[in-house]
Amino acid sequence: GAGVSQSPSNKVTEKGKDVELRCDPISGHTALYWYRQSLGQGLEFLIYFQGNSAPDKSGLPSDRFSAERTGGSVSTLTIQRTQQEDSAVYLCASSNRGPGNTGELFFGEGSRLTVL
Amino acid sequence: AQTVTQSQPEMSVQEAETVTLSCTYDTSENNYYLFWYKQPPSRQMILVIRQEAYKQQNATENRFSVNFQKAAKSFSLKISDSQLGDTAMYFCAFMKFGSGTYKYIFGTGTRLKVLA
């Protein structure tokens with residue numbers, strides 16, 4: 001696609017349920033990032049994928065959070081047993097690491113998660 | 001570890017006036033990129049301007065320019081002739097270059113409101 005696509009745009013769930021958030025990066029971008037943005041706050045790094053390398057999971061806040069990237073393209077962020085403090089906007093971004101790399105991150109519009 | 005500090009949580013400026021947003025960072029690295037991203041109320045983050053640390057010349061993009069002071073580790077954004085559409089959250093970001101792990105560190109943001 002032309003840009004980074006995220007779904008769902010909004011998700012309301014009950015405490016204790018599992019949720020999956022999807023990110024479809026720009027075609028050809030080898031790097032993919034997940035960030036969490038709580039209301040009015042900055043961006044909290046969650047996880048980073050680069051090509052076929054092992055992901056950098058250093059930002060995942062607990063073992064309830066996991067992410068995968070299949071075929072080097074689409075990524076899914078899964079939150080198990082959601083809690084109210086998980087409520088936030090989850091942003092996905094991709095970047096080109098090939099020739100002409102400018103370092104720019106291209107962001108999706110985010111998935112707003114509300115845990116009741 | 002690298003840190004990025006934006007000391008102005010909120011700012012306002014009259015339409016057509018000039019405003020400067022401040023950003024300082026802390027790093028022992030020599031090769032890195034700095035960025036300013038804009039997040040309008042619609043939520044999607046977009047790149048405003050970028051600066052390679054090895055370049056002494058300050059980056060400029062139309063009404064947006066930076067004052068990059070490498071020794072002082074300062075990277076301020078100047079918006080000239082402010083427009084209502086500039087109303088947004090602005091994030092300063094740092095990315096280490098050539099590290100193998102391209103992790104971006106974001107500041108906490110400055111909420112800018114342009115007044116008519």
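Whatever comes next refers back to the structure up there.
Heads up: these notes are all about the structure in this document. What you see is a predicted model; the values in this text were computed from it and never measured. (Residues numbered from 1 in each chain as written. Chains lettered and ligands numbered in written order. Predicted model: local features only at pLDDT ≥ 70, side-chain atom pairs only at ≥ 80, totals over all residues. Heavy atoms only, no water.)

## Observations concerning the overall build of chain B
Reasoning step 1: A tally of regular secondary structure across chain B gives zero helices and twelve strands.
Reasoning step 2: If you list the helices and strands of chain B from N to C, you get β-β-β-β-β-β-β-β-β-β-β-β.
Reasoning step 3: Relative to a compact globule of 116 residues, whose C-alpha radius of gyration would be 13 Å, chain B shows 14 Å and is just as compact.
Reasoning step 4: C-alpha extents for chain B along the principal axes are approximately 45 × 30 × 20 Å.
Reasoning step 5: When each of the 116 residues of chain B is scored for burial, the buried share is 47%.
Reasoning step 6: Counted over contacts in chain B with a minimum sequence separation of 6, partners at least 24 positions apart contribute 55%.
Reasoning step 7: With an accessible surface of roughly 5700 Å², chain B has 45% of that area assigned to carbon and sulfur atoms. (Helix = DSSP H or I, 4+ residues; strand = E, 2+ residues; numbered from the N terminus. Rg over C-alpha atoms; globule rule 2.2 N^0.38 Å. Buried < 20%, exposed > 50% of the residue type's maximum accessible area, 1.4 Å probe, protein only. Contact = heavy atoms within 4.5 Å. Areas by Shrake-Rupley, 256 points an atom, 1.4 Å probe, with all protein chains shown as cover.)

## With respect to the sheet that holds strand 7 (residues 75-79) of chain A
Residues and elements named next belong to chain A.
Reasoning step 1: Strand order in the open sheet formed by four strands is 1-3-7-6, and the pairing between neighbours is antiparallel. Strand pairing shows two members of the sheet lacking a second neighbour, strand 1 (5-7) and strand 6 (65-69), which therefore form its edges. The average undirected angle you get between the axes of adjacent strands in this sheet is 15 degrees.
Reasoning step 2: With five bridges connecting them, strand 3 (residues 19-24) and strand 7 associate as antiparallel partners. Residue pairing in the sheet places Leu21 in a bridge with Leu77 of strand 7. (Pairing = 2+ DSSP bridges. Axes fitted to C-alpha atoms, helices over the stretch in contact; angles between N-to-C directions.)

## So, the packing of aromatic side chains
Reasoning step 1: All told, the structure shown has 17 aromatic pairs over all chains when counted by the stated rule.
Reasoning step 2: Centroid distance Phe35 of chain B to Tyr37 of chain B: 5.9 Å. Interplanar angle 35 degrees. Geometry classified as tilted.
Reasoning step 3: Residue class for Phe35 of chain B comes out buried when judged on its relative accessible area of 0%.
Reasoning step 4: Look at Tyr37 of chain B and you get buried, because its relative accessible area is 0%.
Reasoning step 5: Geometrically, the ring pair formed by Phe68 of chain B and Phe75 of chain B is edge-to-face, given 6.3 Å between the ring centres and 85 degrees between the ring planes.
Reasoning step 6: What makes Phe68 of chain B buried here is its relative accessible area of 8%.
Reasoning step 7: Chaining the aromatic ring pairs together yields one cluster made of Tyr33, Tyr35, Phe45, Tyr48 and Phe107 of chain A together with Tyr33, Phe35, Tyr37, Tyr104 and Phe106 of chain B.
Reasoning step 8: Across from the ring centre of Tyr33 of chain B, 4.7 Å away, lies the NZ or CZ of Arg50 of chain B, which sits over that ring. (Phe/Tyr/Trp six-rings, centres within 6.5 Å; stacked < 30°, edge-to-face > 60°. Lys NZ or Arg CZ within 6 Å of the ring centre and 35° of its normal.)

## Thoughts on the pattern of salt bridges
All names here are of chain B.
Reasoning step 1: Under the criterion given, the structure shown has eight salt bridges over all chains.
Reasoning step 2: Across the pair Lys73 and Asp26 runs a salt bridge whose closest N-O atoms are separated by 3.7 Å. Taken together, the positions of Lys73 in the loop between strand 8 (64-69) and strand 9 (74-79) and Asp26 in strand 4 (residues 24-26) put the pair 47 residues apart, joining distant regions of the chain.
Reasoning step 3: Taking relative accessible area as the criterion, Lys73 reaches 26% and is therefore assigned partly exposed.
Reasoning step 4: When the shortest N-O distance is used, the salt bridge between Glu52 and Lys55 registers 3.8 Å. (Salt bridge = Lys/Arg side-chain N within 4 Å of Asp/Glu carboxyl O.)

## Observations regarding the environment of Ala93 of chain A
All names here are of chain A.
Reasoning step 1: Relative to the helices and strands, Ala93 is located in strand 8 (residues 88-95).
Reasoning step 2: On the basis of relative accessible area, Ala93 is assigned to the buried category, the value being 0%.
Reasoning step 3: When the C-alpha positions of Ala93 and Thr78 are compared, they lie 16 Å apart, and in sequence the two are 15 residues distant.
Reasoning step 4: When neighbours within four sequence positions are excluded, Ala93 is seen to be in contact with Ala31, Leu32, Tyr33, Leu105, Phe106 and Phe107.

## Here's the deal with the state of the cysteines
Reasoning step 1: As enumerated under the stated definition, the model contains two disulfides over all chains in all.
Reasoning step 2: Bridging Cys23 of chain A to Cys92 of chain A, the disulfide has an S-S length of 1.9 Å. Disulfide Cys23 of chain A-Cys92 of chain A: the torsion about the S-S bond is -65 degrees, which places it as left-handed. Placement of Cys23 of chain A in strand 3 and of Cys92 of chain A in strand 8 is noted, with a sequence separation of 69 residues between them. In terms of burial, Cys23 of chain A and Cys92 of chain A fall into one category: buried.
Reasoning step 3: Bridging Cys23 of chain B to Cys92 of chain B, the disulfide has an S-S length of 2.0 Å. Between Cys23 of chain B and Cys92 of chain B, the disulfide has an S-S torsion of -70 degrees and is therefore left-handed. Residue Cys23 of chain B is located in the loop between strand 3 (19-21) and strand 4, and its partner Cys92 of chain B is located in strand 10 (residues 88-96); the two are separated by 69 residues in the primary sequence. (Disulfide = S-S within 2.5 Å.)

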